[in-house]
2 protein chains.
Amino acid sequence: MKLVDTLIHARWIIPVEPESVTYENHSLVIDKGRIIDLLPTDSARQQYQGATTENLDTHALLPGFINCHTHAAMSLMRGIADDLPLMDWLQNHIWPLEQKWMSEAFVRDGTDLAIAEMILGGTTCFNDMYFFPNVTAQQAIQHGIRASIGLIVIDFPTVWADDSDAYITKGLNLHDQLRHEPLITTSFAPHAPYTVSDEPLQRIRTLADELEIPVNMHIHETLHEMEDALAKTGQRPLQRLHNLGLVNPSLLAVHMTQLTADEINLFAESGGHIVHCPESNLKLASGFCPTAQCLAAGINVALGTDGAASNNDLDMLGEMRTAALLAKAVAQNASAVPAMTALRMATINGAKALGLEQETGSLTIGKSADVISIDLNDLATQPVYDPVSQIVYAASRQQITDVWVSGKRLLKQRQLTTVDLTALRIKLSEWQKRLTNNR
Amino acid sequence: MKLVDTLIHARWIIPVEPESVTYENHSLVIDKGRIIDLLPTDSARQQYQGATTENLDTHALLPGFINCHTHAAMSLMRGIADDLPLMDWLQNHIWPLEQKWMSEAFVRDGTDLAIAEMILGGTTCFNDMYFFPNVTAQQAIQHGIRASIGLIVIDFPTVWADDSDAYITKGLNLHDQLRHEPLITTSFAPHAPYTVSDEPLQRIRTLADELEIPVNMHIHETLHEMEDALAKTGQRPLQRLHNLGLVNPSLLAVHMTQLTADEINLFAESGGHIVHCPESNLKLASGFCPTAQCLAAGINVALGTDGAASNNDLDMLGEMRTAALLAKAVAQNASAVPAMTALRMATINGAKALGLEQETGSLTIGKSADVISIDLNDLATQPVYDPVSQIVYAASRQQITDVWVSGKRLLKQRQLTTVDLTALRIKLSEWQKRLTNNR
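Just so you know, these numbers come straight off a predicted model, no measurement behind them. (Residues numbered from 1 in each chain as written. Chains lettered and ligands numbered in written order. Predicted model: local features only at pLDDT ≥ 70, side-chain atom pairs only at ≥ 80, totals over all residues. Heavy atoms only, no water.)

**A closer look at the overall build of chain A**
Quick reminder of the rule: Runs of E in the DSSP output that reach at least two residues are strands. Runs of H or I that reach at least four are helices, and both are numbered from the N terminus. It is over C-alpha atoms that the radius of gyration is taken, and the globule rule equals 2.2 Å times the number of residues to the power 0.38. Relative accessibility thresholds used throughout: buried, under 20% of the residue-type maximum; exposed, over 50%; partly exposed, between the two (1.4 Å probe, protein chains only). Any pair of residues with heavy atoms lying within 4.5 Å of one another is described as a contacting pair. In this count, Lys and Arg are taken as positive residues and Asp and Glu as negative ones, while His and the chain termini are left out. We put the charge of a Lys on NZ, of an Arg on CZ, of an Asp on CG and of a Glu on CD.
If you tally the helices and strands in chain A, you get 16 helices and 16 strands. For 439 residues, the compact-globule formula gives about 22 Å, and the C-alpha radius of gyration of chain A, at 21 Å, lands near that figure. Counting only C-alpha atoms, chain A reaches 65 × 50 × 40 Å along its principal axes. Looking at chain A residue by residue over its 439 residues, the buried ones come to 65%. Taking the contacts inside chain A whose residues are at least 6 apart along the sequence as the reference set, 71% of them involve residues at least 24 apart. Within chain A, one finds 32 positive and 50 negative side-chain charges whose respective centroids are separated by 5 Å.

**What to know about the interface of chain A and chain B**
By a widely used convention, the size of an interface equals the accessible area lost when the partners come together. As a reminder, the rule being used: Note on definitions: buried area is the accessible-area loss of two parts on being combined, 1.4 Å probe, summed for both. Whenever Lys or Arg places a side-chain nitrogen within 4 Å of a carboxyl oxygen from Asp or Glu, that contact is recorded as a salt bridge. Ten residues, namely Ala, Val, Leu, Ile, Met, Phe, Trp, Tyr, Cys and Pro, are considered nonpolar, four, namely Asp, Glu, Lys and Arg, are considered charged, and the remaining ones, Gly among them, are considered polar.
On the chain B side, the residues contacting the 60 residues of chain A number 60 residues. Buried area between chain A and chain B, both sides added, is near 4,700 Å², and the carbon and sulfur share of it is 58%. Summed over the shared surface of chain A and chain B, the number is four salt bridges. Its salt-bridge partner being B:Asp83, residue A:Lys328 comes within 3.2 Å of it at the nearest N-O pair. Sort the elements by how many residues they give to the side of chain A that touches chain B and helix H16 (residues 421-437) of chain A lands first, with eight residues. In terms of residue class, the side of chain A that touches chain B is built from 32 nonpolar, 16 polar and twelve charged.

**Overview of empty space enclosed by the protein**
The following threshold applies: Site definitions follow a grid-based scheme: protein atoms alone, a 1 Å grid, a 1.4 Å probe that fits but cannot get out for cavities, and for pockets an open set with protein on both sides within 12 Å along at least five of seven lines, plus lining residues having an atom within 4 Å of a point. Grid points are joined across faces, edges and corners, and a volume is the space filled by probe spheres set on the points.
Inspection of every chain in the model, using the stated rule, returns four cavities of 30 Å³ or more. Surrounding the largest cavity, 26 residues form its lining, A:Asp315, A:Gly318, A:Arg321, B:Gly318 and B:Arg321 being those nearest its centre. Elements represented by at least two residues in the lining of the largest cavity include exactly helix H10 (278-283) and helix H12 (316-331) of chain A together with helix H10 (278-283) and helix H12 (316-331) of chain B. Broken down by class, the residue content of the lining of the largest cavity amounts to eight nonpolar, eight polar and ten charged.

**A short note on the packing of aromatic side chains**
Threshold: Classification of ring pairs rests on two measures: the distance between centres of Phe, Tyr or Trp rings, Trp counted by its six-membered ring, which must be within 6.5 Å, and the angle between planes, read as stacked under 30 degrees, edge-to-face over 60 and tilted in between. In this scheme, the term charge over a ring applies when either NZ of a lysine or CZ of an arginine sits within 6 Å of the ring centre and within 35 degrees of the ring normal.
Counted according to the given criterion, the structure contains eleven aromatic pairs over all chains. Here the aromatic residues A:Trp101, A:Phe106 and A:Trp431 are joined through ring pairs into a cluster of three or more. In this arrangement the basic side chain of A:Lys170 is found over the ring face of A:Trp160, its NZ or CZ atom lying 4.1 Å from the centre. Positioned above the aromatic ring of B:Trp431 is the side chain of B:Arg434, whose terminal nitrogen or guanidinium carbon lies 4.4 Å from the ring centre.

**Observations concerning the relation of the copies chain A and chain B**
Copy one and copy two of the chain differ by a rotation about a common axis and a shift along it. For the record, the criterion: C-alpha atoms of residues with pLDDT of at least 70 in both copies form the basis for the least-squares superposition of the copies.
Overlaying chain A with chain B gives an RMSD of 0.0 Å, the required rotation being 180° about an axis along which the chain moves by 0.0 Å. Here the transformation between the copies is reduced to the relation of a two-fold axis. Measuring from the rotation axis to each C-alpha of chain A, the shortest distance belongs to A:Gln398, at 3.6 Å. Taken together, the interface assignments show that 100% of the residues at the interface of chain A recur at the interface of chain B, consistent with an identical surface on both copies.

**Side note on the pairing of strand S5 (residues 65-70) of chain A**
All names here are of chain A. What counts here: Here, any two strands with at least 2 DSSP bridges between them count as paired.
The element S5 is extensively covered by neighbouring structure, given that six of its six residues are classed as buried. Bridge count for S5 against strand S6 (residues 123-128) is four bridges, and the pairing is parallel. Directly across from Ile66, in S6, lies its bridge partner Cys125.

**Remarks on the domain arrangement of chain A**
Residue and element names in this part refer to chain A. Heads up, the rule is: Domain extents, as shown, originate in an automatic or database domain assignment. Within 3.5 Å is the distance limit for a polar contact, defined as a pair of N or O atoms, with the added protein rule that one can donate a hydrogen and the other accept it, and that residues adjacent in sequence qualify only through two side-chain atoms.
For chain A, the domain assignment lists domain 1 (2-63 + 370-406) and domain 2 (65-353). A straight line from the C-alpha centre of domain 1 to that of domain 2 covers 30 Å. The partner domain 2 presents 30 residues to the 23 residues of domain 1 that form the contact. Buried surface at the junction of domain 1 and domain 2, both sides included, amounts to about 2,100 Å², of which 65% is carbon and sulfur. Ranking the residues of domain 1 by area buried against domain 2 places Val392, Tyr393 and Arg397 at the top, with a combined share of 32%. Across the contact surface, domain 1 and domain 2 share five salt bridges. One salt bridge in this structure joins Arg397 and Glu117, with 2.9 Å as the shortest N-O distance. In this assembly, domain 1 and domain 2 are joined by eight residue pairs in polar contact (both at pLDDT 80 or more). Of all elements in the fold, only strand S4 (48-63), strand S13 (371-375), helix H15 (387-393) and strand S14 (400-405) reach the threshold of two or more residues within the side of domain 1 that touches domain 2. Per element, the largest residue contribution to the side of domain 1 that touches domain 2 is five residues, and it comes from H15.

Laid out in structure tokens, this is it:
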């Protein structure tokens, strides 16, 4: 008998790779942060002894969700300015609030709230784009969650940096500081085609190649963005980015609601990734990403919640459901994006987009133990015929009982283990008063 | 001091009528099943004493949700046949399963599961369309939930009845048996234009007028339905129903994804109601109901989950969110269907559609005490700026703590009070085996 750190016996294990397999009455063996075995429970009981053993008799184990696009700190502004179009929302509400309140403390507390909500919802890795990314990284490290930290670049000055050169310099410094953090990676995060000019984009392309990190950007989010770009540059933004050499396997194109058939084919050839944010796109009336068409063209499509101020939750289970439902209606095909495809969008596709597919995104021997358990005994998911279907089309995030990242348990029977909720709630109360009284 | 049955002190009360009001630190006073007062908590503490008193310090009270279209018993088939188009799903999976298994026992146990899930999710009234409506009514009465029982009519024989005359006769008998049940009403439920011929529809129109009950029907659900009707009758279904005299204020037209501008205007003039089922429409790729346009034309639009086999949950909070998000993208207007409008669709609009607006749908003095409480202290809805926004755009149904129907508490601190869960789970386990082994 081999002594290991954690032994989990589960009613179902959904590894995501291979794609069509669900194991019944199987066990996951975790040691030193890695998955070292996945086998029938009868055999596991004979071969392994766990320092911690869990019997999850009515649960499914699956890879943790990968939230491939968010602005974590914006959780502090959840519900503060709803039912408004994108540019009005940004220019007249969000940007003024940020100008007034955004600071290291704002990012620290907002990121804490976001990480708490994400762990509770089964997210084990998030890809962030916001100011004070050093603080976001710090909070991710503190709470033990995996994160891709966006090195944000934008033309205009904020409290974080004065101009695009300064954003890039601070980003490079942060990248360097974080290079030994096992759960943290970085990506360049030029905000959008309409907020970042050619020169910084060219620098980013070169640096991204040198550092071998991805580039993520809001691209083709709205019709207005298309019309504006055509008027100002004579080109749609993707064309401009293509000319700048940015459309390649390192690119995470977030949103992509405005796509022609030609653009889909070209993008597929480029090897770029799409990050689909259905609830944000719906809420801001941005448009409909042709998800099924993109997948059919061979594009890797991952999922993201966007920020809590335009969703308004960071619920990847719900986002996955919305993606699966919406794709069918958009494609006019009820077989489009079936349950397992949606689950892959929320897990392994995100890992691929972030360059982390060797580390996470599936329950595969050798990978990091980034695992979640969902209790399907809840009436909402009964009777169970196909656990994947119940998870994608019926489960609520409160059914997620336990979360591990790199073999460390961040959620134990619905209790967060690395977040001081008492302290957090005091901070939230203070922010609620500030943001209410002093817009 | 007046002694009353129930006194609830709440952080917020959202009555829904008047539309734009949210009361802070107010109390709801319930006696003999009715709301008898709504006033500031300071005054309530001086004027009333409750046999039961609740202090819901971080909660919002609101009217219970009205699920205006479901097939409750189909919960037993949740997830059994996903990712298929409507007619394939119906003809090759659902109807064969029903032919094999549908019975009084099937309807009793499936309805119990549905009612349990609905109460847990804050639904206090549901409008049902299924076979053995006598059993559905019996289960609703047993569990104390309000229900509109559809007297189903369909051309082809099932275990419930042999032909449309038999369906109508059984329906009339049931209507008569139920007439003294305080929480039960009935409506005629001719299934769809493609499953019910003119003669029974004419009888239904006459009988619905005589009995003064509504008529609810799946109408204009898919493009295929339109094309089929045009080929067979030379008319779109709404035109045929209009010629039959059925398009009037008694009509609940369910789905309505296929609508021209003229049809919207004509329907608005008719006074008919629409029941919008966004998640079903998306999952079955049926189309997009032009919700904002219908509301703008003055049509009363209510909400429904449809059956759990095409959703796959009976979660009205989630349905409300999907409706609010989807309407914005469909209308290309991020101000369409704002939070309060979505909440009204899930409450008072459903009451109006069912002819129950004097009884329920808002927290109004004199109405039945059909009330739910949602705890906004959950991290998912923090910080709170606008409780209505947090409920519509961020809350999960697990935050619903208590549910009252006619002043009787059906859910107490997340525990069902009228459903024997142990017995139900045994039944579900038996049905799971039967439906898995013997399709």
